[in-house]
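Next come the chains, spelled out residue by residue.
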Amino acid sequence: MTKKQPVTLLPYHKTTYRYQKLKICNHCRQYTLIADEPCPHCGRDQLISIEKKAEQLAQRSTAIHVLLMIAAALLGILFGETFLQMGLAAAVGAAAVAVYVIIRERTKSFFAMKELGQLIERDEAKMIEGLFRNWEDAIELWKTEPVNTYERLREISTLQRSEMIRIQQIALLNTFILRKDMEIDLEPIMLRHFEPMLAELIGEVAKVKRDAIKEHAIKYMVNYEIEVLELNQGDQLLAQVVGAAVRMRTYVEAYPNFIARYARYLPKERFLRLYNMLSRSASSSLGHLTDEVYRIYKERYQWDADFQSGSKGL
Amino acid sequence: MITYVCIGILLLFLGYLCIRALTIHKHTPLPDDLDKQLLHAFNKEGDGR
């Protein structure tokens, strides 16, 4: 078993839209998902977001149109036979440019979005190539800089929903000492099949950061409960998850039987929480969870002062 | 004469560009659509979900 290492993970910067993660090099026109670094293809420090690039393209098309209008006006002035004609051509040219610039300025966000759509359509292959390059670079750093590899894979998984990348992230997270202050989101790394490393990770996260255990993680453990039980200390992993699940009534109501099966493994503080939750408002939808909790209470905590104060009893 | 032709062309071009600019919102993709387009492109192959 490899020794876990203490690490500091940079917080994940979540964008409103996934495409906002993509950067393009203004020099070589290659794409990357890794920000704050030189272009992985040409090494120049000219990365800009694709939104910015789309804005630049929209501005360029405005400039071309304005130049064409100026050229037409200049031709008019050049071939003018009288000062009146020359003046007319100049005035119409200036007015046309002004009108067009005003209208274009008011609709620039639409033009930028249109350019962005075309850019994505046109450069699809280049984007995939860039993402693959990012993945190769990340894997190269696996042994020497695992944190960097994890952070890169986390960025890549914004767009590449691959089970392989998820497993790589899980494997790396399992080599880190997780802490409460770390930003851990299990949702993006959930797998469709059973993976012991993921079960262990969920158990570890449940131990250090209960808030990170949400519906998808609980559901995963419920779905693969038998497989988890076959793992070393599998029951403890499940108990950790149950301990995290009892923090919200929604989860208790959604998985009463699962919680009932592992309620006996809960530490006193978690069991007290569950006991108080049920004693406040017991519901028939909870199946035999209420009975099980009452049985454990009778067995272990009947005379415990913590259970007497503030709870009405089941 | 050529001056008037140039002015005519200029005004026609301006008209075309203005109509295009004023109807651009009908041809603009939504950010969510762009996200979908990208996700589709990146996950066409492989085991993505």
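Residues numbered from 1 in each chain as written. Chains lettered and ligands numbered in written order. Predicted model: local features only at pLDDT ≥ 70, side-chain atom pairs only at ≥ 80, totals over all residues. Heavy atoms only, no water.

What follows concerns the overall build of chain A. Helices and strands together make up the secondary structure of chain A, namely 15 helices and five strands. Radius of gyration (C-alpha) of chain A: 30 Å, far over the 20 Å computed for a compact globule of 314 residues. Each of the three principal axes of chain A carries a C-alpha extent, and together these read 110 × 45 × 30 Å. Put simply, chain A has 314 residues, and 49% of those count as buried. Taking as baseline every contact in chain A between residues at least 6 positions apart, the subset at least 24 positions apart corresponds to 64%. Carbon and sulfur atoms form 55% of the exposed surface of chain A, whose accessible area is close to 16200 Å². (Helix = DSSP H or I, 4+ residues; strand = E, 2+ residues; numbered from the N terminus. Rg over C-alpha atoms; globule rule 2.2 N^0.38 Å. Buried < 20%, exposed > 50% of the residue type's maximum accessible area, 1.4 Å probe, protein only. Contact = heavy atoms within 4.5 Å. Areas by Shrake-Rupley, 256 points an atom, 1.4 Å probe, with all protein chains shown as cover.)

One can read the domain layout of chain A as domain 1 (19-125) and domain 2 (246-314). A C-alpha centroid distance of 64 Å is found between domain 1 of chain A and domain 2 of chain A. (Domains from an automatic or database assignment.)

Attention now goes to the environment of tyrosine 275 of chain A. Residues and elements named next belong to chain A. Structurally, the position occupied by tyrosine 275 is in helix H13 (residues 268-280). Under the relative-accessibility criterion, tyrosine 275 is labelled buried at 2%. Spatially, the C-alpha atoms of tyrosine 275 and glutamate 145 are 45 Å apart, while their sequence positions differ by 130 residues.

The next thing to look at is a nonpolar patch on the surface. On the surface, a cluster of nonpolar side chains totalling about 400 Å² of accessible area is made up of Leu75, Leu78 and Phe79 of chain A together with Ile2 of chain B. Residue position: phenylalanine 79 of chain A is located in the loop between helix H1 (50-78) and helix H2 (83-106). (Patch = residues over 30% accessible without salt bridge, like charges linked within 9 Å, V, L, I, M, F, W, Y side chains within 5 Å. Salt bridge = Lys/Arg side-chain N within 4 Å of Asp/Glu carboxyl O.)

What follows is about the interface of chain B and chain A. On the side of chain A, 48 residues touch chain B, which itself brings 35 residues to the contact. A combined buried area of about 3800 Å² lies between chain B and chain A, and 71% of that area is made up of carbon and sulfur atoms. If you look at where chain B meets chain A, you find zero salt bridges. Secondary-structure elements contributing two or more residues to the side of chain B that touches chain A are helix H1 (2-22) and helix H2 (31-42) of chain B. Top element by residues in the side of chain B that touches chain A is H1 of chain B. It accounts for 14 residues. (Buried area = accessible area lost by both parts, 1.4 Å probe.)

Attention now moves to the UniProt feature "transmembrane region" (unreviewed entry) in chain A. Per the UniProt record, the feature "transmembrane region" (unreviewed entry) sits at residues 62-80 and 86-103 of chain A. What you have in residues 86-103 of chain A is 100% helix and 0% strand, and the ends, taken at the C-alpha atoms, are 26 Å apart. (UniProt positions renumbered as here; feature names shortened; annotations may be inferred.)

Right, let's talk about the pattern of salt bridges for a bit. All names here are of chain A. A complete count under the given rule lists 15 salt bridges over all chains for this structure. Notably, a salt bridge pairs glutamate 155 with lysine 21, separated by 2.9 Å at the nearest N-O pair. Of this pair, glutamate 155 sits in helix H5 (residues 146-156) while lysine 21 sits in the loop between strand S1 (5-6) and strand S2 (23-25), placing them 134 residues apart in sequence. Lysine 21 matches glutamate 155 in its accessibility class, with the two residues each being buried. A salt bridge links glutamate 269 to arginine 210, with the nearest nitrogen and oxygen atoms 3.4 Å apart. Here glutamate 269, found in helix H13, pairs with arginine 210, found in the loop between helix H7 (196-208) and helix H8 (215-223); they are 59 residues apart in sequence, far enough to count as distant. In this structure glutamate 269 comes out as partly exposed when scored by relative accessible area, which is 45%. Residue class for arginine 210 comes out partly exposed when judged on its relative accessible area of 31%. A single network of salt bridges, built from pairs that share partners, joins Arg264, Glu292, Arg295 and Glu299.

Here helix H4 (residues 124-140) of chain A spans 25 Å end to end across 17 residues, near enough to the 24 Å set by a 1.5 Å rise per residue. Within H4 of chain A, burial applies to Met127, Gly130, Leu131, Arg133, Asn134, Trp135 and Ala138 of chain A. Here the buried face of H4 of chain A lies against strand S3 (31-32), helix H3 (108-122), H5 and helix H6 (163-173) of chain A together with H2 of chain B. (Expected span 1.5 Å × (residues − 1).)

Our next topic: the sheet that holds strand S4 (residues 47-49) of chain A. Note on sheets: strands pair through backbone hydrogen bonds, and any given pair is parallel or antiparallel. Residues and elements named next belong to chain A. Pairing is antiparallel in the open sheet, where three strands are placed in the order S3-S2-S4. Each edge of the open sheet is held by one strand with a lone partner, namely S3 and S4. By the bridge criterion, three bridges tie S2 to S4 in an arrangement that is antiparallel. Opposite cysteine 25, over in S4, you have leucine 47 as the bridge partner. (Pairing = 2+ DSSP bridges.)

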